[in-house]
Amino acid sequence: MSGYTNPYVLLQFPDLGDNVSVLMKNPQLLPPSEIQPEDVPTDEKGEPLDPKAAQEAMYKVMARLIVAWKVYEAFAPDATLDIDPEADPAALFESLGAGEQQRLGKINVENIARLPLAILNRIGEEVGRVADPR
């Protein structure tokens, strides 16, 4: 059979939960235009003038790369905890638990922005390995 051996990369996150994973296109096989974020204005040091716009540009790249995922909303967007300032953190940890969590739906910029940092960093590592092959 001809063709590339691994056109996709499966990223698994056993430390985050059972079967938490992201399936993405293998960045090694993509043309540079697929992993290059859109230009954002920068200062004389090359730092983005608008960090939020730079972050969103990278999320757009991730949205193009991710094929499927099994990820969750870690905390309800409107959840606020009313915690007694005298509460014991260990006891509180046991009582809170994970509870029922909703899976993140469609792969889009808004949902990528809600991913845990551990997942975002790992996707960034995969892309960075190709973008900066040192």
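Residues numbered from 1 in each chain as written. Predicted model: local features only at pLDDT ≥ 70, side-chain atom pairs only at ≥ 80, totals over all residues. Heavy atoms only, no water.

Student: Before we move on, can you summarise the packing of aromatic side chains with the specific residues and values?
Tutor: Inspection of the entire model under this criterion finds zero aromatic pairs. The ring of Phe13 has Arg122 lying over it, and the distance from NZ or CZ to the ring centre is 6.0 Å. (Phe/Tyr/Trp six-rings, centres within 6.5 Å; stacked < 30°, edge-to-face > 60°. Lys NZ or Arg CZ within 6 Å of the ring centre and 35° of its normal.)

Student: Which residues make up the nonpolar core, and what are the values?
Tutor: The biggest cluster of nonpolar side chains holds 23 residues, and the ones touching the most others in it are Val22, Trp69, Val71, Ile112, Leu115, Ile119 and Ile123. At the level of elements, β1 (8–12), β2 (21–25), α2 (51–65), β3 (66–70), α4 (109–112) and α5 (117–131) are the ones that each hand at least two residues to this core. With residues up to four places along the chain from it excluded, the contact list for Val22 reads Val9, Leu10, Leu11, Phe13, Ile66, Ala68, Trp69, Val71, Ile119 and Ile123. (Core = buried A, V, L, I, M, F, W, Y, C linked by side-chain atoms within 4.5 Å. Buried < 20%, exposed > 50% of the residue type's maximum accessible area, 1.4 Å probe, protein only. Helix = DSSP H or I, 4+ residues; strand = E, 2+ residues; numbered from the N terminus. Contact = heavy atoms within 4.5 Å.)

Student: Residue-level account of a nonpolar patch on the surface, with values.
Tutor: A cluster of nonpolar side chains, Leu81, Ile83 and Leu96, forms an exposed patch at the surface whose accessible area comes to about 280 Å². One can find Leu96 in helix α3 (residues 89–96). (Patch = residues over 30% accessible without salt bridge, like charges linked within 9 Å, V, L, I, M, F, W, Y side chains within 5 Å. Areas by Shrake-Rupley, 256 points an atom, 1.4 Å probe, with all protein chains shown as cover. Salt bridge = Lys/Arg side-chain N within 4 Å of Asp/Glu carboxyl O.)

Student: Before we move on, could you go through the environment of Thr5 and cite the residues and values that matter?
Tutor: Along the chain, Thr5 falls in the segment before β1. For Thr5, a relative accessible area of 70% gives the class exposed. Taking the C-alpha atoms as reference, Thr5 lies 39 Å from Asp50; in sequence the two are 45 residues apart.

Student: Which residues make up α2, and what are the values?
Tutor: Compared with an ideal rise of 1.5 Å per residue, which puts 15 residues at 21 Å, α2 spans 21 Å between its outermost C-alpha atoms and is within 8% of the ideal. Put simply, Asp50 is the residue that caps the front of α2, since its side-chain oxygen is 3.1 Å from the backbone nitrogen of Lys52. (Expected span 1.5 Å × (residues − 1). Polar contact = N/O pair within 3.5 Å; in protein donor to acceptor, adjacent residues only side chain to side chain.)

Student: Could you give an account of the environment of Tyr72, with specific residues and numbers?
Tutor: With respect to the helices, strands and loops of the structure, Tyr72 is situated in the loop between β3 and α3. Among the residues examined, Tyr72 registers a relative accessible area of 23% and is labelled partly exposed. Residues Tyr72 and Arg122 lie 50 residues apart in sequence; the distance between their C-alpha atoms is 16 Å. Look past the residues within four positions of Tyr72 in its chain and what remains in contact with it is Val20, Gln101, Gln102, Arg103 and Leu104.

Student: An account of the pairing of β1 is needed here, citing residue identities and associated values.
Tutor: Covered by surrounding structure in β1 are Val9 and Leu11 only, the residues Tyr8, Leu10 and Gln12 on the alternate face being uncovered. Note: β1 against β2, five bridges, orientation antiparallel. The residue bridging Tyr8 from the neighbouring strand is Lys25, located in β2. (Pairing = 2+ DSSP bridges.)

Student: Talk me through the sheet that holds β3; I want residue IDs and the actual numbers.
Tutor: On the basis of which strands lie adjacent, the open sheet formed by three strands has the order β1-β2-β3 and antiparallel pairing. Sheet topology places β1 and β3 at the edges, where each strand pairs with a single neighbour. Averaged over all neighbouring strand pairs, the angle between strand axes comes to 10 degrees, with direction disregarded. The strands touched by α2 are β2 and β3; relative to β3, the strand with the most contacts, the crossing angle is about 90 degrees. (Axes fitted to C-alpha atoms, helices over the stretch in contact; angles between N-to-C directions.)

Student: How would you sum up the pattern of salt bridges? Please name residues and give values.
Tutor: Tallied over the entire structure, the rule returns four salt bridges. Between Lys60 and Glu56 there is a salt bridge, with the nearest N and O atoms lying 4.0 Å from each other. On the criterion of helical spacing, the pair formed by Lys60 and Glu56 is a turn pair, its members being four residues apart in helix α2. A salt bridge links Arg129 to Glu126, with the nearest nitrogen and oxygen atoms 2.4 Å apart. Residue Arg129 and its partner Glu126 are both found in helix α5; the two are separated by three residues, about one turn of the helix. Accessibility expressed as a relative area gives 12% for Glu126, which makes it buried. Each member of the salt-bridge network shares a partner with another, and the members are Glu38, Glu56 and Lys60.

In short, geometric facts, not functional conclusions.
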